[in-house]
Amino acid sequence: MALFWVLAWLAVLAYVSLRVVHRRRYELAAKVPGPTLWLPGLGHIADSMYHYGLSGIDWFIGYYKRYGNVYRMWIGTHLFIVTSHPDDIEAIVTNPALIDKGNTYSLLQPWLGDGLLLLGGKKWHARRKMLTPTFHFRILEQFVEVFNDKGEILQSKLAELAGKGPVDVRPYISKHALDVICETAMGTAMNAQLQEDSEYVHAVKLACKGVDDRHVFPWLAYDAIFRMTQSGKDFFNALDIIHGTTRKVIASRKLELQNELKQGGGAATDEGEADIGTKTRKMFIDQLLTMHLQGADLSEKDIFDEVNTFMFEGHDTTMTSVCFTLFLLAKHPEVQDRVAEELSLVLGDETRYTSAQLGELKYLEAVIKESLRLYPSVPVFFRECREEFPLPSGYTVPAGATIFVNGYVAHHDEKNFKDPFKFDPDRFLPGSEAKRHHFAYIPFSAGYRNCIGQRFAMLSMKATLARVLRSFRVAPASADASLVLDLQVVLTAKDGVHLVVERRQ
């Protein structure tokens, strides 16, 4: 009986809030199609679970089939306007008033602090402008040596799996991705692929799990509750290790750079390449510290947050994309053969690749883009709407609502892509882009807040896949192999990616 009165009181409060305090928001929201099964304190979560279970991907497709490209959802007492309409997406991502991501990403704050991913407003504008040169193509070229070094280790690890039947390749690709991101971000070799008991590697796994848990189980969003769980304790202990490592690296590299700058008198050039003495590889942290030492408005705390952000964003996203691409190639051997032919033609007998060679791999790039269309690592993103915003699709987003941009549905909408669930890399061969709406394909977001590291990501994925597919052929674990998708912080395969690895003759 007590529970009944609590729920009844919550219902009254929600009604008063929506109908009286936020009357305009409610009226505008009511004009947008959406589910009706609403419960106090939960909003439309009950409708989602009743119709589609716990799978976020099933929610996306189910609601799209019921309501089309635009619909509303109340999650708790917060209003989300969901859109996958390309015209809406273009209007949203190109509007400078809609760059704030709001509280939706706040669960990442303990790990990333005030890094570029979480910043908004004028601070975001200033930081983005400052960081853009650190992803200049001349700087990215230096990373190819890291891709080669770490790729050779991955190649040796996969060689041990050849001929041994189906195996989950995700742990191997994950450690490789972590090796790459650690060295390119911090200039530090973590040797994730070689050290099975690495404290840092284990900490990254636990931290990622903690973030995922907080997104899967809504009650863990409350710090007080999260800290009482084992997942929460593991998460904050892991952050102590990760943050401690970052601080040590910053202190060490700062001292080295101070000495190099004194000896070499280096300065940043107008092409985004920092001359820091005789050091041949200028990693992400070096670029930031050089700006800091030369008087830029970038504190050590800012550098700390940006390095952690780059580590977080650059690990899981590239790892999952490579795994999804390998799975698709295993299921489509004719496409895999075309990739192998291109690799042979472009790379010849070379065992270490250059950035120029990787740039010539146009078909492999099309394969990766098609994989990102079917399985976008970041399938959705959010924008806070502080003032009423009219959408080209005909609806008005109320002030105080959150815009939910559903890239996954846009990528699988037959109005944007013919036979949208078919794996067809030819869609992305040079010249094909003109045949579709520019904002129907957004694997790296778009507009003002597009992914600053997308060129790095593409170069890294091409280098990894080229290394694997030059030496090995992958096949599905069974004739009817499929993936169970799981939407956590990134889109991932719930049960792993099981493949048969064979040496290429």
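Conventions used here
Sequence positions are assigned chain by chain, starting from 1 and proceeding in written order. Only residues with pLDDT of at least 70 are given local features in this predicted model, and only at 80 or more are side-chain atom pairs given and counted; all residues enter the totals for whole chains, interfaces and linings. Side-chain figures throughout are based on the complete set of non-hydrogen atoms in the structure, without hydrogens or water. UniProt positions are given in the numbering used here, feature names are shortened, and annotations may be inferred rather than shown by experiment. Each salt bridge in this description consists of a side-chain nitrogen of Lys or Arg and a carboxyl oxygen of Asp or Glu lying within 4 Å of one another. For helices the rule is a DSSP run of H or I covering at least 4 residues; for strands it is a run of E covering at least 2, with both sets numbered from the N terminus onward. Partly exposed describes any residue whose relative accessible area lies between the buried limit of under 20% and the exposed limit of over 50%, with all areas from a 1.4 Å probe on protein chains only and scaled to the type maximum. Structural elements are reduced to axes, namely lines fitted to C-alpha atoms, with helices fitted over the stretch in contact, and the angle between N-to-C directions of any two is expressed from 0 to 180 degrees. Small angles under 35 degrees read as roughly parallel and large ones over 145 as roughly antiparallel, with 65 to 115 read as roughly perpendicular and the rest as oblique. When the near helix sits turned anticlockwise from the far one by under a right angle, the crossing is termed left-handed; a clockwise turn instead gives a right-handed crossing. We call two residues in contact whenever any of their non-hydrogen atoms come within 4.5 Å of each other. Residues are grouped as follows: Ala, Val, Leu, Ile, Met, Phe, Trp, Tyr, Cys and Pro are nonpolar; Asp, Glu, Lys and Arg are charged; all remaining types, including Gly, are polar. Here a polar contact is recorded for every N or O atom pair within 3.5 Å, except that within protein the pair must consist of a potential hydrogen donor and a potential acceptor, and residues adjacent in sequence are included only if both atoms are side-chain atoms. Each Phe, Tyr or Trp ring (for Trp, its six-membered ring) is paired with any other whose centre lies within 6.5 Å, and the angle between the two planes then decides the class: stacked below 30 degrees, edge-to-face above 60, tilted in between. We call a charge positioned above a ring when the Lys NZ or Arg CZ atom is no farther than 6 Å from the ring centre and deviates by at most 35 degrees from the ring normal. Strand pairing follows a simple DSSP-based rule, namely that at least 2 bridges must link the two strands.

Going by the annotation in an unreviewed UniProt entry, the name recorded for the protein chain is Cytochrome P450 4C1-like, with Megalurothrips usitatus given as the source organism. Database annotation for the protein chain, UniProt heading Cofactor (unreviewed entry): "heme".

Draft legend 1. Spatial organisation of the pattern of salt bridges. As enumerated under the stated definition, the model contains 21 salt bridges in all. Across the salt bridge formed by D337 and R473, the nearest N and O atoms sit 3.0 Å from each other. Residue D337 is found in helix 15 (residues 333-347), and its partner R473 is found in strand 8 (residues 472-476); the two are separated by 136 residues along the sequence. Since its relative accessible area comes to 30%, D337 is described here as partly exposed.

Draft legend 2. Layout of the packing of helix 14 (residues 300-331) against helix 19 (residues 454-471). Packing of helix 14 against helix 19 brings their axes to within 10 Å, and their N-to-C directions diverge by 40 degrees. Between helix 14 and helix 19, the angle falls in the class oblique. Read as a crossing pair, helix 14 and helix 19 show a hand that is right-handed. Judged by residue contacts, F310, T318, S321, V322, T325, L326 and L329 of helix 14 engage F456, A457, M461, T464, L465, V468 and L469 from helix 19. Here the contact of helix 14 with helix 19 is composed, by residue class, of 10 nonpolar, four polar and no charged.

Draft legend 3. Representation of the side chain of N69 within the structure. Here N69 lies in the loop between helix 4 (56-67) and strand 1 (70-75). For N69, a relative accessible area of 11% corresponds to the buried category. At 3.0 Å, the side chain of N69 forms a polar contact with the side chain of D413. A polar contact is formed between the side chain of N69 and the side chain of K415, at a distance of 3.3 Å. Once you skip the residues sitting within four places of it in the chain, N69 turns out to touch Y64, V82, T83, S84, H85, D413 and K415.

Draft legend 4. Geometry of the UniProt feature "binding site: heme" (unreviewed entry) in the protein chain. As annotated in UniProt, the feature "binding site: heme" (unreviewed entry) corresponds to C451 in the numbering used here. Within the secondary structure, C451 is located in the loop between helix 18 (407-411) and helix 19. What makes C451 partly exposed here is its relative accessible area of 28%.

Draft legend 5. Main features of the packing of aromatic side chains. As enumerated under the stated definition, the model contains 21 aromatic pairs in all. Measuring from ring centre to ring centre gives 5.3 Å for Y63 and Y71, while their planes differ by 35 degrees; the resulting arrangement is tilted. For Y71, a relative accessible area of 4% gives the class buried. Each ring, one from W111 and one from F312, has its centre 5.1 Å from the other, and the planes form 70 degrees; the classification is edge-to-face. Of the two residues, W111 is situated in helix 6 (residues 109-112) and F312 in helix 14; the sequence distance between them amounts to 201 residues. Both residues of the pair, W111 and F312, count as buried. By the ring-pair criterion, three or more aromatic residues cluster together here, those being F60, F80, Y105, F382, F404 and Y408. Geometry around F236 places R227 over its ring, the cationic atom sitting 3.8 Å from the centre. Lying across the ring of F417, R373 places its NZ or CZ 5.0 Å from the centre.

Draft legend 6. Quick look at the sheet that holds strand 7 (residues 402-406). Judged by pairing direction, the sheet is mixed, and its four strands sit side by side in the order 1-2-7-4 without closing on themselves. Each of the sheet's edge strands pairs with one partner strand only, and the pair in question is strand 1 and strand 4 (380-384). Pairs of neighbouring strands in the sheet enclose a mean axial angle of 25 degrees, with direction left out of account. Taken together, the five bridges between strand 4 and strand 7 define a ladder with antiparallel strand orientation. Following the sheet pairing, E384 is matched in strand 7 by T402.

Draft legend 7. The pairing of strand 4, seen in detail. Of all five residues in strand 4, five are buried; the element is thus mostly enclosed. Burial along strand 4 is two-sided: the face carrying V380, F382 and E384 and the face carrying F381 and R383 are both buried.

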